[in-house]
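Each chain, letter by letter, is given below.
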Amino acid sequence: MSSSTAPSPTPDDSAHGHEDTAPDPCAGPARDLWSVDEHLADILATVGPLEPIELQLLDAQGCVLVEDVTVPVALPPFDNSSMDGYAVRVADVTGATEEFPAVLTVVGDVAAGDGGLPTVGPGQAARIMTGAPLPPGAEAVVPVEWTDGGTGGGAATGMRAASAAPEGAAGEVRVHRSAEAGAHVRRAGSDVKAGELALAAGTVLGPPQIGLLAAIGRGTVKVRPRPRVVVLSTGSELVQPGEPLGEGQIHDSNSFALAAAARDAGALAYRVGAVADDAESLRATIEDQLIRADLIVTTGGVSVGAYDVVKEALTADGQVDFRKLAMQPGKPQGFGAIGTEQIPLLALPGNPVSSYVSFELFVRPAIRALMGVEDLHRPRVQAVLATDKALSSPPGRRQFLRGTYDPAAGTVTPVGGAGSHLIAALAHADCLLVVPEETTDVEPGSTLEVVLLG
């Protein structure tokens with residue numbers, strides 16, 4: 001692939017497209033085209049956040065919090081040791097050295113989770129484990145490496161297991177270094193204090209947030225659930241990956257790419273096997289899926305061909321509007337709401353590149369809107385075009401080209417020339433180059449807006 005070759009238009013490679021290769025006898029003049037922004041605005045005006053529900057912590061991963069969560073109990077709830085060693089009084093170890101160690105009487109063990117703690121008096125120490133509460137009387141912890149470990153020998157490298165050395169909790173320990181008050185002690189409330197805000201409404205719950213909720217004792221949390229997105233491809237030529245191809249058949253890739261993209265956006269994705277070119281079968285399949293869908297995404301069958309069954313199946317009742325957009329790729333699009341629950345449906349073209357670009361521009365923001373997050377869109381940056389030849393773009397169409405972005409250099413390079421395999425090129429791209437509607441030629445060194453996909 002040569003980055004100096006201007007990418008050509010991306011015709012539909014299935015029987016459900018030719019969005020850019022043949023004239024549309026039904027298309028009106030250019031003023032009848034929807035802009036990308038108008039189509040997206042129509043979608044987002046219809047799709048709103050899902051109703052909040054109470055979920056168990058692990059089920060809430062990836063969901064958006066709908067309430068402020070405050071800390072009921074300080075973290076940590078008590079002073080505890082950050083080291084394995086000995087809990088001591090500062091005065092008893094002041095000036096201690098290897099040559100002149102402080103010799104202390106060991107009054108017992110303190111393990112994590114222990115109650116009934118021994119009191120550390122003058123000239124005494126308690127063996128203490130990481131996370132264990134600081135016993136009464138103790139002011140600091142000296143690591144075991146600063147002691148002889150109670151062996152009477154040189155510096156210890158660790159403690160023997162309590163089960164193998166019960167005598168370790170008695171006898172004497174020699175401390176070779178002094179310690180200041182609070183040394184190796186995690187103070188109560190040093191992480192968060194009771195009454196403080198733990199997580200604000202609008203927070204997306206990832207692993208650290210789930211951990212914090214668990215640490216403060218929350219077993220459930222109120223969130224907007226992850227949207228359930230049903231993805232299905234149409235086309236009698238489509239064969240499940242792993243099965244042999246017959247004459248004129250291709251493997252169904254779109255439904256896999258779009259289901260993966262839906263998961264990446266934060267949804268629970270359900271992929272349905274490809275539906276043949278039969279309007280009744282498609283209507284029945286969609287009807288069956290409504291019970292588990294917050295959003296339905298179809299791919300293929302939205303153009304002007306005789307076998308474009310999505311358009312045929314969903315136009316009759318007027319619930320889905322099929323329109324032409326001033327963009328390339330992805331001119332034919334459909335959007336509406338179906339069923340008694342008015343489930344949003346986005347119908348995307350069948351060309352793999354058109355399908356994926358359409359997902360990024362329209363479906364991903366819809367999923368994010370259902371989730372209730374503020375950030376609906378992929379990040380966008382300005383980048384300098386790094387290519388040897390000018391790129392061409394059709395007048396009046398917003399073009400989206402595949403590319404690779406170099407953040408260090410601030411440049412973007414097109415991926416895939418005229419002879420490149422569409423899906424292979426798409427798999428190597430990490431961004432989309434945006435060429436505005438009014439621009440027909442983009443010279444090397446020009447600055448373009450870039451949609452980051454990673």
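Engineer: For this particular structure, what's the right way to read the overall build of the chain?
Structural biologist: A tally of helices and strands in the chain yields 8 helices and 28 strands. Sorting the 454 residues of the chain into buried and exposed places 48% on the buried side. Restricting the contact set of the chain to residue pairs at least 6 apart, pairs at least 24 apart contribute 73%.

Engineer: Which parts of the structure should I look at to understand the sheet that holds strand β17 (residues 295-299)?
Structural biologist: Each strand in a sheet pairs with another by means of backbone hydrogen bonds, the pair being arranged parallel or else antiparallel. The strand order across the open sheet formed by 6 strands is β16-β13-β17-β21-β20-β18, and the pairing between neighbours is mixed. Strands at the two margins of the open sheet, each flanked by one partner only, are β16 (268-275) and β18 (320-324). Shown here is a sheet whose adjacent strand axes are inclined to one another by a mean of 15°, direction ignored. Helix α1 (residues 36-46) rests against β18, β20 (332-338) and β21 (343-348) of the sheet, and its axis sits at about 15° to β20.

Engineer: What exactly am I supposed to notice about the pattern of salt bridges here?
Structural biologist: Proximity of charged atoms lets side chains of opposite charge pair with each other. For the coordinates displayed, the defined rule picks out 16 salt bridges. Here Arg 398 ties to Asp 37 by a salt bridge, and the two come within 3.1 Å at their closest N and O atoms. Of this pair, Arg 398 sits in strand β24 (residues 398-406) while Asp 37 sits in helix α1, and the two are 361 residues apart along the sequence. Given a relative accessible area of 14%, Arg 398 falls into the buried group. Ionic contacts of the salt-bridge type, sharing partners, join the residues Asp 264, Glu 360, Arg 364 and Arg 378 into one network.

Engineer: Before we go on, may I ask you to explain the sheet that holds strand β2 (residues 64-65) in this structure?
Structural biologist: In spatial order, the strands read β1-β12-β2; together these 3 strands make up an open sheet with antiparallel pairing. In this open sheet, the two strands that pair with only one neighbour each are β1 (53-56) and β2. Direction of pairing for β1 relative to strand β12 (residues 220-224): antiparallel, over a ladder of 4 bridges. Looking across to β12, one finds that Gln 56 is bridged to Thr 220.

Engineer: Just to check I follow, could you spell out the nonpolar core for this structure?
Structural biologist: Soluble globular proteins: nonpolar side chains tend toward being buried together. In terms of nonpolar packing, the biggest core is built from 42 residues, with Phe 362 and Ile 367 touching the most fellow members. Of all the secondary-structure elements, those providing two or more residues to this core are α1, β13 (228-234), α4 (254-265), β17, β21, α7 (352-371) and β26 (431-435). Among the elements that make up this core, the one with the highest residue count is α7 (12 residues). Ignoring sequence-local partners within four residues, the contact set of Ile 367 consists of Pro 227, Val 229, Ala 262, Ala 265, Ala 267, Leu 295 and Phe 359. Counting 21 residues, the second-largest nonpolar core is a separate cluster that includes Leu 282, Ile 296, Ala 313 and Phe 322.

Engineer: Would you take a moment to explain the side chain of Thr 298 for this structure?
Structural biologist: The topology assignment puts Thr 298 in strand β17. Dropping the residues within four chain positions of it, Thr 298 is found in contact with Leu 232, Ile 286, Val 310, Leu 345, Leu 346, Ala 347 and Leu 348.

Engineer: Would you mind going over the packing of aromatic side chains with me for this structure?
Structural biologist: Counted under the stated rule, the structure contains 0 aromatic pairs. Here the guanidinium or amino end of Arg 177 rests over the ring plane of Trp 146, the centre of that ring lying 4.0 Å away. Cation over ring: Arg 323 sits above Trp 34, and NZ or CZ is 3.6 Å from the ring centre.

Engineer: Which parts of the structure should I look at to understand α1?
Structural biologist: In an α-helix, one turn spans 3.6 residues; hence positions three or four apart end up facing the same way. Taken together, the buried positions of α1 are occupied by Val 36, His 39, Leu 40 and Ile 43. The buried side chains of α1 occupy one side of the element, clustering within an arc of 95° when seen end-on. Buried positions along α1 lie against β18, β19 (327-328), β20, β21, α7 and β24.

Engineer: What is the right way to read the confidence of the model for the chain from this model?
Structural biologist: Of the residues in the chain, 89% have a pLDDT of 70 or more, and the chain-wide mean is 87. Contacts for the low-pLDDT stretch residues 1-31, under 50 throughout, to residues beyond four places or in other chains number 73 contacts.

Engineer: I tried to follow α7 on my own but got confused; where do I start?
Structural biologist: Of all the bends in α7, the greatest, near 45°, is centred on Phe 359. Counting buried positions along α7 yields 20 of 20 residues, so the element is predominantly enclosed. If you check the start of α7, you find a side-chain oxygen 2.8 Å away from the backbone N of Val 353, and it comes from Asn 351.

Engineer: How should the packing of α4 against α7 be read in this particular structure?
Structural biologist: Working note: a packed helix pair is described by the angle between its axes plus the distance between those axes. Where α4 meets α7, the closest approach of the two axes is 10 Å, and the angle between their N-to-C directions is 30°. The pairing of α4 with α7 is recorded here as roughly parallel in orientation. For the pair α4 and α7, the crossing hand works out as right-handed. Seen from α4, the contacting residues are Asn 254, Leu 258, Ala 261, Ala 262, Asp 264 and Ala 265; seen from α7, they are Pro 352, Ser 355, Tyr 356, Phe 359, Arg 364, Ile 367, Arg 368 and Met 371. A breakdown of the residues in the contact of α4 with α7 according to their chemical character gives 9 nonpolar, 2 polar and 3 charged.

Engineer: So what exactly am I meant to see when it comes to the environment of Ile 286 here?
Structural biologist: Turning to its location among the elements, Ile 286 is positioned in helix α5 (residues 279-289). Sequence separation between Ile 286 and Leu 345 is 59 residues; the distance between their C-alpha atoms is 9.9 Å. When sequence neighbours within four positions are dropped, the list of residues in contact with Ile 286 reads Leu 232, Ile 296, Thr 298, Leu 314, Ile 338 and Leu 345.

Rules of the game
- Residues numbered from 1 in each chain as written.
- Predicted model: local features only at pLDDT ≥ 70, side-chain atom pairs only at ≥ 80, totals over all residues.
- Heavy atoms only, no water.
- Helix = DSSP H or I, 4+ residues; strand = E, 2+ residues; numbered from the N terminus.
- Buried < 20%, exposed > 50% of the residue type's maximum accessible area, 1.4 Å probe, protein only.
- Contact = heavy atoms within 4.5 Å.
- Pairing = 2+ DSSP bridges.
- Axes fitted to C-alpha atoms, helices over the stretch in contact; angles between N-to-C directions.
- Salt bridge = Lys/Arg side-chain N within 4 Å of Asp/Glu carboxyl O.
- Core = buried A, V, L, I, M, F, W, Y, C linked by side-chain atoms within 4.5 Å.
- Phe/Tyr/Trp six-rings, centres within 6.5 Å; stacked < 30°, edge-to-face > 60°.
- Lys NZ or Arg CZ within 6 Å of the ring centre and 35° of its normal.
- Arc of directions from axis to C-beta.
- pLDDT = per-residue confidence, 0-100.
- Bend = angle between axes of the 7 residues up to and from the residue.
- Polar contact = N/O pair within 3.5 Å; in protein donor to acceptor, adjacent residues only side chain to side chain.
- Parallel < 35°, antiparallel > 145°, perpendicular 65-115°, else oblique.
- Left-handed = near helix turned anticlockwise from the far one by under 90°.
- Nonpolar A, V, L, I, M, F, W, Y, C, P; charged D, E, K, R; others polar.

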